[in-house]
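Given next are the chains, with one letter for each unit.
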Amino acid sequence: MKTVVVGGSGRIGSKVVDELQRRGHVVVAASPSRGFDAMTGAGVDEGLVGADVVVDVSNSPSFEAEAVLRFFETSTGNLLAAERRAGTRHHVVLSIVGADREPDSSYLRAKVAQERLVADGGVPYTIVRATQFFEFLGSIADSATTDGVVRLPSAHLQPIAGADVAAAVADVVEAPPANAIVEVGGPEAIGLDELARRVLAVAGDPRPVITDETATYFGAHIGEMSLTPGPGARTGPTRLDDWLILSRAMGDTARSGGSTTT
Ligand SMILES: NC(=O)c1ccc[n+]([C@@H]2O[C@H](COP(=O)([O-])OP(=O)(O)OC[C@H]3O[C@@H](n4cnc5c(N)ncnc54)[C@H](OP(=O)(O)O)[C@@H]3O)[C@@H](O)[C@H]2O)c1
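The structure reproduced in this document is the subject of the present report.

Cut-off values and rules
Residues numbered from 1 in each chain as written. Predicted model: local features only at pLDDT ≥ 70, side-chain atom pairs only at ≥ 80, totals over all residues. Heavy atoms only, no water. Phe/Tyr/Trp six-rings, centres within 6.5 Å; stacked < 30°, edge-to-face > 60°. Helix = DSSP H or I, 4+ residues; strand = E, 2+ residues; numbered from the N terminus. Buried < 20%, exposed > 50% of the residue type's maximum accessible area, 1.4 Å probe, protein only. Expected span 1.5 Å × (residues − 1). Pairing = 2+ DSSP bridges. Contact = heavy atoms within 4.5 Å. Axes fitted to C-alpha atoms, helices over the stretch in contact; angles between N-to-C directions.

Moving on, we get to the packing of aromatic side chains. By the definition in use, this model includes six aromatic pairs. Each ring, one from F63 and one from Y107, has its centre 6.0 Å from the other, and the planes form 70°; the classification is edge-to-face. Highlighted residues: F63 in the loop between β3 (53–56) and α3 (65–86) and Y107 in helix α4 (residues 106–119), separated in sequence by 44 residues. With a relative accessible area of 24%, F63 lands in the partly exposed category. According to the relative accessible area criterion, Y107 is buried, its value standing at 7%. When the ring of F72 is compared with that of Y107, the centres are 5.8 Å apart and the planes differ by 85°; the resulting orientation is edge-to-face. Of this pair, F72 sits in helix α3 while Y107 sits in helix α4, and the two are 35 residues apart along the sequence. Summarising the burial analysis for this pair, F72 and Y107 share the class buried. Of the aromatic side chains, those joined through ring pairs into one cluster are F63, F71, F72 and Y107.

For helix α6 (residues 162–174), spanning 13 residues, the distance from its first C-alpha to its last is 19 Å, which sits close to the expected 18 Å at 1.5 Å a residue. Inspection of α6 places G162, D164, V165, A166, A167, A168, V169, A170, V172 and V173 among the buried residues, and these make up the whole buried set.

Bringing the sheet that holds strand β5 (residues 125–130) into the picture now. Spatially, seven strands are ordered β2-β1-β3-β4-β5-β9-β12 in an open sheet, and the strand pairing comes out parallel. Only two strands of the sheet have a single neighbouring strand rather than two, namely β2 (26–30) and β12 (234–235). In the sheet, strand β1 (residues 2–6) pairs with β2 via five bridges, with the strands oriented parallel. What sits directly across from V6, in β2, is A30. Packed onto the sheet, α4 meets β3, β4 (90–96), β5 and β9 (181–185) and runs at close to 160° relative to β4.

The structure is reproduced here in structure tokens:
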């Protein structure tokens, strides 16, 4: 079985590629830097020849509202059209827990638009909604920083290790299409303010974190539990504090988060 991972060079995509390879799958990592551009369509038909499963873990290079919507609509439309031509049996896309509960967020609105295209796209599918990756928590603190002070509300996230997301996605690749949404989250719901404190403390970052219930999460006012998964969700086993200690020992903490969204 051949699986093409679109966005296979990215933060989560590289972990999905590693996990599938570890399980013995034939995997192709596809992205613009490898001649596969889901926005323009360049290299897409060629890249999907013989693909039984396509995993879309790509992300928009720009998070400006119009740009991100255009990215997810255009790239998803191009992928699904090519998959119908190629006879792909399963389209797996990574979305975000609670995406449909926060219409204030332009990024989450774009993810909901992507999900709708997938559900109506004529290719059997599974939508995996994950919570925020541990690897992304540093970016949250950065985005909430003004004049050296981090301001975040106490609304809860239930973040998850990237490796646990990759394992969940790999399990979905190995299963028949659910034609539904499945959720995956971490083992603990923790306030945004507290998450930032823990991540910065481990990194030795001196920025103070102020609990501010009027503060936003990437520009959106979020509900107390609106980004946490429901009762039927799969739970990744890795606890944040264990992951922070391990990452620190490896010199790779959540502070090396990368791009700033979701
Ligand atoms: N961050 C979170 O906590 C979180 C939580 C739940 C779900 N998600 C979802 O997970 C997905 C991946 O996020 P990430 O943080 O891993 O992304 P990322 O590190 O920014 O990686 C993005 C990937 O997309 C590729 N890409 C960009 N433009 C493309 C195009 N036109 N065609 C094909 N591939 C393209 C990039 O390729 P190049 O390297 O060649 O540029 C890269 O491999 C996103 O859909 C996001 O919504 C994220």
